[in-house]
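What the coordinates show
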Amino acid sequence: MNQKKTIEGRIEEALDSLDGIRRASPQPWFYARVKARLDREEKTVWESISFFLSKPAVVMAGLAAILMLNVFVLSRQSQELGSVANQQGLVTDSESIIASNSSFDYENLVQP
Amino acid sequence: MNASIGSGFFNFDFLLNEFCVISFLAKKSGLDERLLVTQLKEGDEAAFKAIVETWQDMVFNTALGIVQNAEDAEDIAQEVFVQVYQSISSFKGDSKFSTWLYRIAITKSLDHERRKKRKKRFAFVKSLFGEESEVVVHPPDFNHPGVLLDKKEDAAALFGAISDLPANQRLAFTLHKVEGLSYQEVSEVMQTTVSSVESLMHRARINLKKALQAYYKENG
């Protein structure tokens, strides 16, 4: 009975043992360590980005994407030029274009 | 206002002045907090330093109460402020800045505890397969440096019991007892209702009593 009372008493004391507790503080110069960690993490981010971009697979994929983009843009441009020329009745075949550029009388060719 | 009720026992003027001073200081600290946050969003390092110095004890103490290890708590506290710096733009001001800080500290502390448990389980499984694993050293009883001297032994037993509580009960108990937050403040941090916090505290006390009973029976 006494032991039970003692245990119950100790339990209540333990539950109240945090009364009056004060906040703990980190070790001195905490801000300096936070700043150093922040600087390290920022460098790490840039390092990982440049490491990723320098991978051969990434470089090849990037070049292929640029080439495809160029092909796409050029093909779109020539289609647009063709449709504009057709609308205005302009000559579009390459031989006529070369002939007109070199003042060659394409239509009145003297046959050998 | 010159009205005075009673000569020395109850002085209305004095109380009114005290109220005005406290309101002023509370408003001022709220304004300072908003100013610091605005400056930090602009990348002001001085503002960041002021934030760290103002709230470092709060963040460290919260982490310490949960992880019960000073080195780990320091590590977590650093991570918290790094995250504050990197994600300050996501703080919209719909809660107090300290509430936001508490949430980050709690998340990081609980993540740390989960990683620790995973490592222990992994080490245990490895040992079953006869693989060498790190020697598991059972940490000594945790002594919180802020506990009063005559209560240290009891507090160590209590912290041992707290570490075995379910996460929510542990959080509520730690925030209330170690950080000294009211039930209202605990509910804001945990994003729950005051009645939920009351229920968590009630269940925590029941579980702690059971754990302490077993502890004192075994240890005399």
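Model, not experiment: these values are computed from the prediction.

Scoring rules and cut-offs
- Residues numbered from 1 in each chain as written.
- Chains lettered and ligands numbered in written order.
- Predicted model: local features only at pLDDT ≥ 70, side-chain atom pairs only at ≥ 80, totals over all residues.
- Helix = DSSP H or I, 4+ residues; strand = E, 2+ residues; numbered from the N terminus.
- Buried ≥ 20, exposed ≤ 12 C-beta atoms within 10 Å, placed from the backbone.
- Contact = placed C-beta atoms within 7 Å.
- Nonpolar A, V, L, I, M, F, W, Y, C, P; charged D, E, K, R; others polar.
- pLDDT = per-residue confidence, 0-100.
- Expected span 1.5 Å × (residues − 1).
- Axes fitted to C-alpha atoms, helices over the stretch in contact; angles between N-to-C directions.
- Parallel < 35°, antiparallel > 145°, perpendicular 65-115°, else oblique.
- Left-handed = near helix turned anticlockwise from the far one by under 90°.
- Domains from an automatic or database assignment.
- Core = buried A, V, L, I, M, F, W, Y, C linked by C-beta atoms within 7 Å.

A short note on the overall build of chain B
The secondary structure content of chain B amounts to eight helices and zero strands. Mapped from its N terminus to its C terminus, chain B presents α and β elements in the order α-α-α-α-α-α-α-α. Across the 220 residues in chain B, those meeting the buried criterion constitute 29%.

Overview of the interface of chain B and chain A
Listed as interface residues are 34 residues of chain B and, on the opposing side, 23 residues of chain A. Among the secondary structure elements, those contributing two or more residues to the side of chain B that touches chain A are helix 2 (45-67), helix 3 (70-87), helix 5 (152-162) and helix 8 (194-219) of chain B. The element contributing the most residues to the side of chain B that touches chain A is helix 2 of chain B, with nine residues. Tallied by class, residues from the side of chain B that touches chain A come to 18 nonpolar, six polar and 10 charged.

Description of the confidence of the model for chain A
Chain-level statistics for chain A give a pLDDT mean of 81 and a share of 73% at 70 or above. Per-residue pLDDT, averaged within each element of chain A, yields its smallest value for helix 4 (residues 94-101) of chain A (65) and its largest for helix 3 (residues 56-87) of chain A (87).

Concerning helix 3 of chain B
The end-to-end C-alpha distance of helix 3 of chain B, which contains 18 residues, comes to 25 Å, matching closely the 26 Å that a straight helix rising 1.5 Å per residue would cover. When helix 3 of chain B is considered as a whole, its buried residues turn out to be A73, I76, A77, Q78, E79, V80, F81, V84 and Y85 of chain B.

Some remarks on the packing of helix 3 of chain B against helix 4 (residues 97-128) of chain B
Residue and element names in this part refer to chain B. Between helix 3 and helix 4, the shortest axis-to-axis distance is 9 Å and the interhelical angle comes to 130°. Here helix 3 is positioned oblique relative to helix 4, judged by the angle of their axes. Regarding helix 3 and helix 4, the two cross each other, and that crossing is right-handed. Across the interface between the two elements, D72, I76, E79, V80, Q83 and V84 of helix 3 pack against L101, I104, A105, K108, S109 and H112 of helix 4. Taken together, the residues that form the contact of helix 3 with helix 4 break down as six nonpolar, three polar and three charged.

Brief notes about the domain arrangement of chain B
All names here are of chain B. One can read the domain layout of chain B as domain 1 (11-139) and domain 2 (140-220). Listed per partner, the contact involves 13 residues of domain 1 and 12 residues of domain 2. The residue makeup of the side of domain 1 that touches domain 2, split by class, is six nonpolar, six polar and one charged.

Overview of the confidence of the model for chain B
Close inspection of predicted coordinates is inappropriate for parts of the model with low pLDDT. Residue and element names in this part refer to chain B. Scored by pLDDT, chain B has a mean of 86; 80% of the residues are at 70 or more. For chain B, the element scoring lowest by mean pLDDT is helix 1 (residues 12-41), at 71; helix 7 (residues 183-190) scores highest, at 97. Between residues 1-8, whose pLDDT stays under 50, and residues either more than four places distant or in other chains, the model counts eight contacts. In the predicted complex, the global pTM is 0.70; the interface-specific ipTM is 0.78.

Some remarks on helix 8 of chain B
Since the α-helix turns once every 3.6 residues, residues separated by three or four places project in the same direction. The terminal C-alpha atoms of helix 8 of chain B, which comprises 26 residues, lie 36 Å apart, in line with the 38 Å expected from a rise of 1.5 Å per residue. Of all the residues in helix 8 of chain B, the buried ones are V197, L200, A204, L208, A211 and L212 of chain B.

Things to note about the nonpolar core
All names here are of chain B. Core analysis: the largest hydrophobic core is formed by 53 residues, its most contacted members being A63, L101, L158 and A172. Formed jointly, this core draws a minimum of three residues from each of two domains, domain 1 (11-139) and domain 2 (140-220). Sequence-distant contacts of A172, that is, excluding residues within four places in its chain, are made with V186, M190, V197, L200, M201 and A204.

Some points on unusual backbone geometry
Look at W29 of chain A: it is not a glycine, yet its phi comes out positive at around 65°. Summarising the element assignment, W29 of chain A is placed in the loop between helix 1 (2-15) and helix 2 (30-53). Unusually for a residue other than glycine, Q191 of chain B sits at a positive phi of about 55°. Checked against the element boundaries, Q191 of chain B lands in the loop between helix 7 and helix 8.

What about the packing of helix 2 of chain B against helix 3 of chain B?
Two measures define how a pair of helices packs: the angle their axes make with one another and the distance between the axes. All names here are of chain B. For the pair helix 2 and helix 3, interaxial distance at closest approach is 8 Å and the crossing angle is 140°. Taken together, the axes of helix 2 and helix 3 are oblique relative to one another. Pair helix 2 / helix 3 crosses with right-handed handedness. In contact with F48, I51, V52, Q56, V59, F60, A63, L64 and V67 of helix 2, helix 3 contributes A70, D72, A73, E74, I76, A77, V80, F81, V84 and Y85.

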